[in-house]
Amino acid sequence: MPTTDIEEVLALAARQAEEAEVYSVRVEDTPVSFEANKLKILQTRRISGLSLRLIKNGRVGFTASTKPEPAADLVDRALAVAEFGAEAKFSLPSSGVVREVPGYDPLVEGLELDAMIELGQRLIEKLRAYNPAILCGASIGRYVSTMELLNSRGGSVGEHKTVLSASLGGNLIEGTSMLDVWESDASCLASLDFDATVQRVIDQFEMAKTTGSLPTGELPVIFVPKAFAETLLSPLIVAFNGKTVQQGASPLKGRLGEQVFDPRLSIYDDGTLPYAPRSGPTDDEGVPSRRTPLVENGVAKNFYYDLQTAGLVGAESTGNGFRSLESLPGPSTTNTVVAEGDTSLADMIADVKEGLIVYQVMGAWAGNLLAGDFSANVHLGYKIENGQLAGRVKDTMIAGNVYEAFKERLQALGDKAEWVGGSTKLPPVYFRALSVATKQ
Amino acid sequence: MRERLTAAVRGRNTDYVEIRVEENDSTRLLFRGKDLEDVARTVNLGGCVRALVKGSWGFASFNDLGSLEEMVDLAIQQARLNPAGDNALARVEPVVDTVPLQLVRDPREVPLAEKVRLFAEYNRIILGHSPAIQTTQVGYGDSYRKVTLATSEGTYVEQEGMQIRGVLAAMARDGARIEQAHEIATSRNDFGAVEGLEDKAGRAAARAVSLLTAQAAKGGEYTVILDPRLAGVFAHEAFGHLSEADHVYENDKLREIMVLGRKFGGDFLNIADGADLPAHRGSYKYDDEGVPSEITPLIKDGVLVGRLHSRETAAKMGERVTGNARAVNYRFRPIVRMTNTYIEQGSVPFQEMLADVKEGIYAKDMYGGETAMEMFTFSSEEAFMIRNGRLAEPLRGVLLSGNVFTTLANIDAVGNDLSFEGGGSCGKGEQSNLPVGIGSPHIRIQKCVVGGR
């Protein structure tokens, strides 16, 4: 069967449009999945496809395809929609000096299926050695991708990347009380710390052995890094998104340079961290990656942009133009890093007379993110009583507003940041008081 | 194609091999604020192979159809790497069938210019509604899909399908306060479903603006009445996911809890799921294992009477297949999914339901939902306080959460106004954005935890 030649597509498009760009990906994704303590299925996904973006009469045309087809078909489709497309506010980047950001490990690409099976079995055995009543699941993933980006202004980027991922969890039922715990990690390197993931799962099961109850009201609340990422980061990430700003929907619009948060809060978008899955030499438009301060010492510093959105507001792309195979590029974060504070997690807990420590939430997407509101069901959280953990709480909801919480209610930031899911690195955070609602 | 697929699955010395090949062709457009931000047409061609060898599964998916035979080998080889499998498939009659599109008005015959014009008008209505409207997301999409399934048991099914969807979202702003509201329209067969949405556009805009002055609910326990759209989300999130047999079939403890015959709710509570409903968002004739669709009663007169199965879970539990094995696309294997999940018609008029409530919350319009085993969370777009049997002051959207077992038991009234107006997209594991239908009349729940500030 014929395959589509990307250089031919680019050449043909460039003849008929002012600018053109071809984005092509080839992925081999190989997850090994365990369910109910056993190896369930071995899978291989080979994805290949390309998309074409062009500018014709000043307007953007776009098409994507996973089907081998003549270059002319792609170009015709993109031209047909360009008639209605957005007015292009950018020029594609020509080739420049791009710094190396390592993201490929031959040990990941060379990882044998047998070794992945063994690894998964070992993780499950460890969890079952802790408590054989836990019904365990796991997934070990090997991901190898090649991205090629060519444009009619001479821009050319190639990226070869590997990602090793692991997720592990289990389910424990006593009566009609259920406990479901999952943890995951990912890296471009084969040297992922699997034992740390197992330990995090075991710690949760251990802490959840007893139950506690809290009153409805305003209470001190600590978020561990994972819960911080799930609950509090999304409203901020949305507010700093150049698209939200351009639409006038960000509460931070026009407030760069202002002291919006407590001076202890600093947040960076950093696409240059070596071997982090969301890092790379450039974004998906060929703009070099960088480290962009979003918040520094509590001051709102920068929004993040792709080419088109930056063009619309008269800013520069920050190298945050990302896309899937079928979508136009849009502003998206790379790795989000929250600077460490000076308080240990143990000291935070010791400081609380009656309060809550949150490990995992559900439904955090449901708040009014644009207004900075968060609202979530505490899926895994524990009562703190006189500085000690005092049992798992259930039927508990927390709510607040990130702008108010990070300005008025921040008690402390943790002194040790942790990677969560391979794309955010952040410390625990402790608020003096947040709204907690419980079932009596 | 048929010859090649049937040849590829034949004589492989396995328990079972299936190939699915999928083609699709999609058009989309999105207005954000005053600009048409995205307009695109995408085409997809891909396939996958699933093989069962001595009780073990292997799976391979691909875009290069030229490598089909090689990918069959790969799936079989992967299945052989697992020596310890105990999986089997429930027996079904092989099916040979072709299911063509049956369209009232084919969106592919509507010129792109017409689609742009129509949605530009909805966008204009929202933007012009009030100076408080800050921006919009007004989008349209149609997606044609053809799936061909060939199995080593002799099944060969070609099914065509269409999904049409319009979304009208308004965002209103007053200083730092930002509120959103949205309306959707979906259809499986008629472009006409996204025409004439001017009123919906106006409603989305008006709701976003009115939310600007609504108060947040005070967190705590309330008597809650859900409108049909939100009650449908509740049926899906709170109960539907636990009815998926793959959560239960290898989990003995959960199996004891979800034992058929157990009483979960009042005698007036009936919940069902099924793809065999004409042209609903989650409807089809055959699932992705070639099993004919049906309607599966899940709760009848308050008692658990059924659950949703793939061939694999049905075999393991010794229950009947229900035609609920679905894959979101050719990149994934079929797993147990809901189709159209609904609470059946009850008898209590909405006004009567309201009249008994001294202080409570009326929650309306879906924002979203999530579930983890017995715990669920879902949220409304807007809400009202109920005081002394009447709707009182408007509230911002509320987040409702609870334990499915106590919450089902706390439903004390089911309305007489069943509606399938909602419908959305469901995510499970790594497979997100699966079209599902939801339906319900108004329902009332006692002692529901509401989050707020």
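Predicted, not measured: the structure shown is a model, and the values here were computed from it.

**Student:** Summarise the sheet that holds strand β10 (residues 295-300) of chain B; cite the residues concerned and give the values.
**Tutor:** Residues and elements named next belong to chain B. Read from one edge to the other, the open sheet built from 6 strands follows the order β11-β10-β9-β14-β21-β20, with strand pairing classed as mixed. The sheet is open, and its two borders are formed by β11 (303-304) and β20 (424-428), each paired with just one other strand. Each of β9 (271-274), β10, β11, β14 (340-343), β20 and β21 (431-439) is contacted by helix α5 (residues 228-243), which is oriented at about 120° to β21, the strand it contacts most.

**Student:** Outline the packing of helix α4 (residues 113-130) of chain A against helix α5 (residues 194-207) of chain A, listing residues and values.
**Tutor:** Residues and elements named next belong to chain A. In contact at an axis separation of 10 Å, α4 and α5 are set at 30° when each is read in the N-to-C sense. As the angle between them shows, α4 and α5 are arranged roughly parallel. The hand of the α4/α5 crossing is right-handed. Counting all contacts with α4, which are made through L119, R122, L123, K126, L127 and Y130, the residues of α5 involved are F194, D195, V198, V201, I202, F205 and E206. Of the residues assigned to the contact of α4 with α5, the class counts are 9 nonpolar, no polar and 4 charged.

**Student:** Let's hear about the pairing of β9(B): which residues, and what values?
**Tutor:** The side chains of a regular strand alternate between both faces of the sheet. Residues and elements named next belong to chain B. Residue alternation in β9 divides its side chains into two sets, I271 and D273 and A272 and G274, and both sets are buried. Bridge count between β9 and β10: 4 bridges; the pairing is antiparallel. Across the sheet, residue D273 finds its bridge partner in β10, namely T296. Both β9 and β14 contribute to a ladder of 3 bridges, which runs antiparallel. Along β14, the bridge assignment pairs I271 with I343.

**Student:** Kindly report on the side chain of H309(B), identifying the contributing residues and their values.
**Tutor:** Examined against the element boundaries, H309(B) turns out to sit in the loop between β11 and α8 (311-317). With residues near it in sequence (within four places) discarded, H309(B) still touches A245(B), A314(B), M317(B), E319(B), R320(B), V321(B), T322(B), G323(B), N324(B), A325(B) and V336(B).

**Student:** Quick rundown of the interface of chain B and chain A? Include the residues and the values.
**Tutor:** On the chain A side, the residues contacting the 82 residues of chain B number 75 residues. For the pairing of chain B and chain A, the buried interface totals around 6800 Å² over both sides, and the portion due to carbon and sulfur atoms is 55%. The partner of E37(B) in a salt bridge is K243(A), with the nearest N and O atoms 2.9 Å apart. For the pair chain B and chain A, the number of links is 39 residue pairs in polar contact (both at pLDDT 80 or more). The greatest single-element share of the side of chain B that touches chain A, amounting to 10 residues, is contributed by strand β2 (residues 35-53) of chain B. A per-class count over the side of chain B that touches chain A returns 33 nonpolar, 27 polar and 22 charged. Two strands pair when backbone bridges link them, and strand β3 (residues 59-65) of chain A and β2(B) are joined in this way by 3 bridges, in the parallel orientation. Bridging across to β2(B), S65(A) finds its partner in V43(B).

**Student:** Describe the domain arrangement of chain B, with residues and values.
**Tutor:** Residue and element names in this part refer to chain B. Domain assignment breaks chain B into domain 1 (2-211) and domain 2 (220-451). The interface of domain 1 with domain 2 comprises 46 residues on the first partner and 40 residues on the second. Between domain 1 and domain 2, a total of about 3400 Å² is buried, with carbon and sulfur atoms accounting for 45% of that surface. Looking at the side of domain 1 facing domain 2, the largest losses of area belong to R20, R188 and R207, adding up to 15% of the total buried there. Applying the counting criterion to the domain 1 and domain 2 interface returns 9 salt bridges.

**Student:** I'd like to hear about the nonpolar core, residue by residue, with values.
**Tutor:** One finds F223(A), F228(A) and F406(A) to be the most contacted residues of the largest nonpolar core, which totals 90 residues. Per element, the largest residue contribution to this core is 9 residues, and it comes from helix α6 (residues 225-240) of chain A. Two domains share this core, each providing at least three of its residues, namely domain 1 (6-205) and domain 2 (210-440) of chain A. Dropping the residues within four chain positions of it, F406(A) is found in contact with F228(A), L232(A), L236(A), F261(A), D262(A), L265(A), V429(A) and F431(A). By size, the runner-up hydrophobic cluster in this structure holds 52 residues, among which are A245(B), I257(B), I438(B) and V450(B).

**Student:** Which residues make up empty space enclosed by the protein, and what values go with them?
**Tutor:** Summed over the entire model, instances satisfying the criterion amount to 3 cavities of 30 Å³ or more. Its volume calculated, the largest cavity comes out at about 330 Å³. Lining the largest cavity are 23 residues, with A366(A), G367(A), N368(A), R396(B) and G397(B) sitting closest to its centre. Elements supplying a minimum of two residues to the lining of the largest cavity: β15 (373-385) and β17 (396-401) of chain A together with β7 (177-187) and β16 (375-387) of chain B. For the lining of the largest cavity, the residue count by class is 8 nonpolar, 10 polar and 5 charged. If you add up the space inside the second largest cavity, you get close to 40 Å³. K439(A), S401(B), G402(B), N403(B), T406(B), T407(B), N410(B), I445(B), Q446(B), K447(B), C448(B) and V449(B) together form the lining of the second largest cavity. If you list the elements that add at least two residues to the lining of the second largest cavity, you get β18 (399-403), α10 (404-409) and β22 (443-451) of chain B. The leading source of residues in the lining of the second largest cavity is β22(B), at 5 residues. Taken together, the residues of the lining of the second largest cavity sort by class into 3 nonpolar, 7 polar and 2 charged.

**Student:** Which residues make up the layout of surface pockets, and what values go with them?
**Tutor:** All names here are of chain A. Within this model, the second largest pocket holds a volume of roughly 600 Å³. Lining the second largest pocket are 27 residues, and of these V25, R26, I47, S48 and G49 lie nearest its centre. When contributions to the lining of the second largest pocket are tallied by element, the ones reaching two or more residues are β1 (19-35), β2 (38-56) and β4 (135-151). Among the residues making up the lining of the second largest pocket, the classes are represented as 9 nonpolar, 11 polar and 7 charged.

**Student:** Let's hear about the domain arrangement of chain A: which residues, and what values?
**Tutor:** The extent of an interface is frequently quoted as the accessible surface area lost upon association of the parts. All names here are of chain A. Considered domain by domain, chain A is made up of domain 1 (6-205) and domain 2 (210-440). In this structure, domain 1 and domain 2 have C-alpha centres spaced 24 Å apart. Overall, the association of domain 1 and domain 2 removes approximately 3300 Å² of surface from exposure, summing both partners, and the carbon and sulfur fraction of that is 59%. Per-residue buried area on domain 1 facing domain 2 is highest for Y23, V101 and Q204; these three make up 17% of the total on that side. Put simply, R53 and E285 hold a salt bridge, and the shortest N to O gap is 2.8 Å. The interface formed by domain 1 and domain 2 holds 12 residue pairs in polar contact (both at pLDDT 80 or more) in total. For the side of domain 1 that touches domain 2, the elements supplying multiple residues, two or more each, are β1, β2, β3, β4, β5 (156-174) and β6 (177-187). Counting residues per element, the side of domain 1 that touches domain 2 draws most heavily on β6, which supplies 11 residues. Considering only residue class, the side of domain 1 that touches domain 2 consists of 26 nonpolar, 9 polar and 10 charged.

Scoring rules and cut-offs
- Residues numbered from 1 in each chain as written.
- Chains lettered and ligands numbered in written order.
- Predicted model: local features only at pLDDT ≥ 70, side-chain atom pairs only at ≥ 80, totals over all residues.
- Heavy atoms only, no water.
- Pairing = 2+ DSSP bridges.
- Helix = DSSP H or I, 4+ residues; strand = E, 2+ residues; numbered from the N terminus.
- Contact = heavy atoms within 4.5 Å.
- Axes fitted to C-alpha atoms, helices over the stretch in contact; angles between N-to-C directions.
- Parallel < 35°, antiparallel > 145°, perpendicular 65-115°, else oblique.
- Left-handed = near helix turned anticlockwise from the far one by under 90°.
- Nonpolar A, V, L, I, M, F, W, Y, C, P; charged D, E, K, R; others polar.
- Buried < 20%, exposed > 50% of the residue type's maximum accessible area, 1.4 Å probe, protein only.
- Buried area = accessible area lost by both parts, 1.4 Å probe.
- Salt bridge = Lys/Arg side-chain N within 4 Å of Asp/Glu carboxyl O.
- Polar contact = N/O pair within 3.5 Å; in protein donor to acceptor, adjacent residues only side chain to side chain.
- Domains from an automatic or database assignment.
- Core = buried A, V, L, I, M, F, W, Y, C linked by side-chain atoms within 4.5 Å.
- 1 Å grid on protein atoms, 1.4 Å probe; cavity = no way out; pocket = protein on both sides within 12 Å on 5 of 7 lines; lining within 4 Å.
- Points joined across faces, edges and corners; volume = space filled by probe spheres on them.

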